[in-house]
Amino acid sequence: MADHEVKMIILSTDNLDESIKFYSDTLGMGLKFSDGTHFAALDGGPVTLALATEIDHPIPGQVVVGIKTADVDAAAKAVEAAGGGIVKGPYDDAHERRAVVYDPKGNGLVFYSPLAPK
């Protein structure tokens, strides 16, 4: 695996059910899982297409790229040192370590790394 691997594209939605229906019925993307009424992951082939409401979206209203990395903290520091910014983190959620950042042009990124099982 590369140091940083694009694994997810996160889109905003204000109606998760409608968005799931569109991407499933219109584009044939199977539902991988849904977390209540605020987050869903669809099978986009090698990259997961995520749909998120304002509750779970890292930067609501923007398309955000999810990048898997072994060292979330180092990746966030590197972005900041190169002229980007940190929106949130690095922090641990229930399943992974994350940092929400933006590149020097304002594009949103989420670096993440799965946490070790407890």
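These lines cover the structure that appears in this document, whether it is placed above or below. (Residues numbered from 1 in each chain as written. Predicted model: local features only at pLDDT ≥ 70, side-chain atom pairs only at ≥ 80, totals over all residues. Heavy atoms only, no water.)

1. What about the pattern of salt bridges?
This structure, assessed with the given rule, holds 6 salt bridges. Here Arg98 makes a salt bridge to Glu96, at a shortest N to O gap of 2.8 Å. A single network of salt bridges, built from pairs that share partners, joins Asp73, Asp92 and Arg97. (Salt bridge = Lys/Arg side-chain N within 4 Å of Asp/Glu carboxyl O.)

2. Observations concerning helix H2 (residues 72-81)
Every buried residue belonging to H2 is among Val72, Ala75, Ala76 and Val79, and all of these are buried. When H2 is viewed along its axis, its buried side chains cluster within an angular range of 95 degrees and face the same direction. In H2, the exposed positions that point more than 90 degrees away from the buried face belong to Lys77 and Ala81. With a side-chain oxygen positioned 3.3 Å from the backbone nitrogen of Asp73, the residue opening H2 is Asp71. Count one or two residues on from H2 and you reach Gly83, which has phi positive near 105 degrees. (Buried < 20%, exposed > 50% of the residue type's maximum accessible area, 1.4 Å probe, protein only. Helix = DSSP H or I, 4+ residues; strand = E, 2+ residues; numbered from the N terminus. Arc of directions from axis to C-beta. Polar contact = N/O pair within 3.5 Å; in protein donor to acceptor, adjacent residues only side chain to side chain.)

3. Concerning the side chain of Thr69
By the secondary structure assignment, Thr69 is in strand S5 (residues 64-69). One polar contact links the side chain of Thr69 to the main-chain carbonyl oxygen of Asp3, over a distance of 3.0 Å.

4. What about the packing of aromatic side chains?
Going through the model one piece at a time under the given rule, you end up with 2 aromatic pairs. It is Lys88 that lies over the ring of Tyr91; its NZ or CZ is 4.5 Å from the centre. (Phe/Tyr/Trp six-rings, centres within 6.5 Å; stacked < 30°, edge-to-face > 60°. Lys NZ or Arg CZ within 6 Å of the ring centre and 35° of its normal.)

5. Examining the nonpolar core
Of all hydrophobic cores here, the largest spans 11 residues; its members are Met8, Ile10, Phe39, Ala41, Ala50, Ala52, Ile59, Val64, Tyr91, Val100 and Val110. Of all the secondary structure elements, the ones that give two or more residues to this core are strand S1 (4-12), strand S3 (39-42) and strand S4 (48-52). The contacts of Ile10, once residues within four sequence positions are left out, are Ala50, Ala52, His57, Pro58, Gln62, Val63, Val64 and Val110. Ile67, Val72, Val79 and Ala99 belong to the second-largest nonpolar core, a separate cluster that totals 9 residues. (Core = buried A, V, L, I, M, F, W, Y, C linked by side-chain atoms within 4.5 Å. Contact = heavy atoms within 4.5 Å.)

6. As for the sheet that holds strand S2 (residues 31-35)
Taken in spatial order, the 8 strands make up an open sheet running S2-S3-S4-S1-S5-S8-S7-S6, and their pairing is mixed. The sheet is open, and its two edges are formed by S2 and strand S6 (85-92), each paired on a single side. Adjacent strand axes in the sheet meet at a mean angle of 20 degrees, parallel and antiparallel pairs treated alike. Pairing analysis gives 4 bridges linking S3 to S4, with the strands arranged antiparallel. Bridge assignment links Ala40 to a residue of S4, and that residue is Leu51. (Pairing = 2+ DSSP bridges. Axes fitted to C-alpha atoms, helices over the stretch in contact; angles between N-to-C directions.)

These values are about where atoms sit, not about what they do.
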